[in-house]
Amino acid sequence: MPDISVIIPHFNDLKRLDICLAAIAAQSVPAARFEVIVADNASPIDDATLAAAVAGRARIVIATEKGAGPARNAGVAASHGAILAFTDCDCLPGPDWLKAGIAALSTADVVGGRMVVSVGDERRMTGAEAFERVFAFDNRAYVQTKGFSVTANLFCRRATFDAVGPFRTGVSEDVDWCHRARAAGYRLGYAEHAIVSHPARADWVELKRKWARMNSEGFGLAVARRHGRLRWLARAAMLPASIVGHAPRVVTSAALPDGKARVAALAMLARIRLWRAADALALGLGLRR
């Protein structure tokens, strides 16, 4: 049996799933060592179409409960490996992703790898792409200062996952799961060479949708803590001030090719932080669910 299980949640994105599976098939780790599980979240496509897209490169399981967390849980339940490697169907793991992530498990119990934000055209970035190139998926900072890794690039042993328990729904699942792991005494580490590329949100609609979800999930975690609602409201009220505080990061970022991209990123920084503040206040005051 393979000793590594790669878990990929999927919902109605066959084109990107095909690219992801091709990248996993090209891993430097011998193919006999790992299995791939595509946990489909009841996509509105027929079984034959999904099977044709997967083309024998993975086993398919159907997760009927909505959400990436339940899909990952279903994938784990159907897998056999002693090591679990998580990524997403819209991601592109580098050829040494598995090799580097597994090596890092020699010094940590839970490992987050490096995330790279990709864009459609380096010289014609949209405001959303420029913003995400600077601010999205800073997994090194998440691991080293915030105590979690994104689930798009996460490794652990099955024994660790079983001890911590499944991903939860209605909260920021990556933050929640990693914090539970650390509270149980498991060590979190970072793997610089376990690289996964994730596409930037292309426009305002996609970026707003992302942050509406993240606000809702973050609020779910916040209210579970003592005085959580009050702290949430205070943080929401301070969000507009972060525009000024984070502007220098845009101006000095080497991830942006030119002044036009910097201006677009600055404009999007102001727009999304103001929107997030209003949306977070609505959640805290019970005006949105």
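Small disclaimer: the values here were computed from a predicted structure and weren't measured.

In globular proteins that are soluble, nonpolar side chains generally tend to be buried together. Among the nonpolar cores identified, the biggest contains 79 residues, and Val 6, Ile 8, Phe 86, Leu 98 and Trp 177 are the most heavily contacted of them. With near-sequence residues (within four places) excluded, Trp 177 lies in contact with Val 110, Leu 154, Cys 156, Thr 160, Phe 161, Val 164, Gly 165, Pro 166 and Phe 167. In this structure, Phe 219, Trp 232, Ala 236 and Leu 283 belong to the second largest nonpolar core, which totals six residues.

Evaluated as defined, the whole model comprises one cavity of 30 Å³ or more. Taken as a whole, the largest cavity holds about 30 Å³ of empty space. As for the largest cavity, its lining consists of Asn 215, Trp 232, Arg 235, Ala 236, Leu 239 and Ala 280.

So, about the pairing of strand 8 (residues 188–199). Bridge analysis of strand 5 (residues 92–93) against strand 8 gives two bridges, and the strand direction is antiparallel. Paired with Leu 92 across the two strands is Ser 197, which belongs to strand 8.

With that settled, the discussion passes to the pairing of strand 3 (residues 59–62). Sheet topology places strand 2 (residues 34–40) next to strand 3; four bridges connect them, and they run parallel. When the bridges of strand 3 are listed, Ala 39 appears paired with Val 61. One crossover worth recording links strand 2 to the parallel strand 3 by way of helix 2 (residues 47–54), and it is right-handed.

By the burial criterion, the buried members of helix 6 (residues 139–146) are Asn 139, Tyr 142 and Val 143. All buried residues of helix 6 project into a common sector of 90 degrees when viewed along the axis, lining one side. Facing away from the buried side of helix 6 by over 90 degrees, the exposed positions are Gln 144 and Thr 145. Considering only its buried residues, helix 6 is in contact with strand 6 (110–118), helix 5 (127–135) and strand 8.

Considering only enclosed or pocket space, the second largest pocket measures out at about 340 Å³ in volume. Around the second largest pocket sit 15 residues that line it, and Met 115, Arg 133, Ala 136, Phe 137 and Asp 138 are the ones nearest its centre. At the level of secondary structure, the elements contributing two or more residues to the lining of the second largest pocket comprise strand 6, helix 5, helix 6 and strand 8. Tallied by class, the residues present in the lining of the second largest pocket amount to eight nonpolar, one polar and six charged.

On to the packing of aromatic side chains, then. Inspection of every chain in the model, using the stated rule, returns nine aromatic pairs. Between the aromatic rings of Phe 131 and Phe 135, the centroid separation amounts to 4.9 Å while the plane-to-plane angle is 35 degrees, which identifies the pairing as tilted. Linking Phe 131 with Phe 135, this pair stays in helix 5, spanning four residues, or about one helical turn. The burial state of Phe 131 is the same as that of Phe 135; both residues are buried.

Criteria and thresholds
Residues numbered from 1 in each chain as written. Predicted model: local features only at pLDDT ≥ 70, side-chain atom pairs only at ≥ 80, totals over all residues. Heavy atoms only, no water. Core = buried A, V, L, I, M, F, W, Y, C linked by side-chain atoms within 4.5 Å. Buried < 20%, exposed > 50% of the residue type's maximum accessible area, 1.4 Å probe, protein only. Contact = heavy atoms within 4.5 Å. 1 Å grid on protein atoms, 1.4 Å probe; cavity = no way out; pocket = protein on both sides within 12 Å on 5 of 7 lines; lining within 4 Å. Points joined across faces, edges and corners; volume = space filled by probe spheres on them. Pairing = 2+ DSSP bridges. Helix = DSSP H or I, 4+ residues; strand = E, 2+ residues; numbered from the N terminus. Right-handed = clockwise from strand over helix to strand, strands pointing away. Arc of directions from axis to C-beta. Nonpolar A, V, L, I, M, F, W, Y, C, P; charged D, E, K, R; others polar. Phe/Tyr/Trp six-rings, centres within 6.5 Å; stacked < 30°, edge-to-face > 60°.

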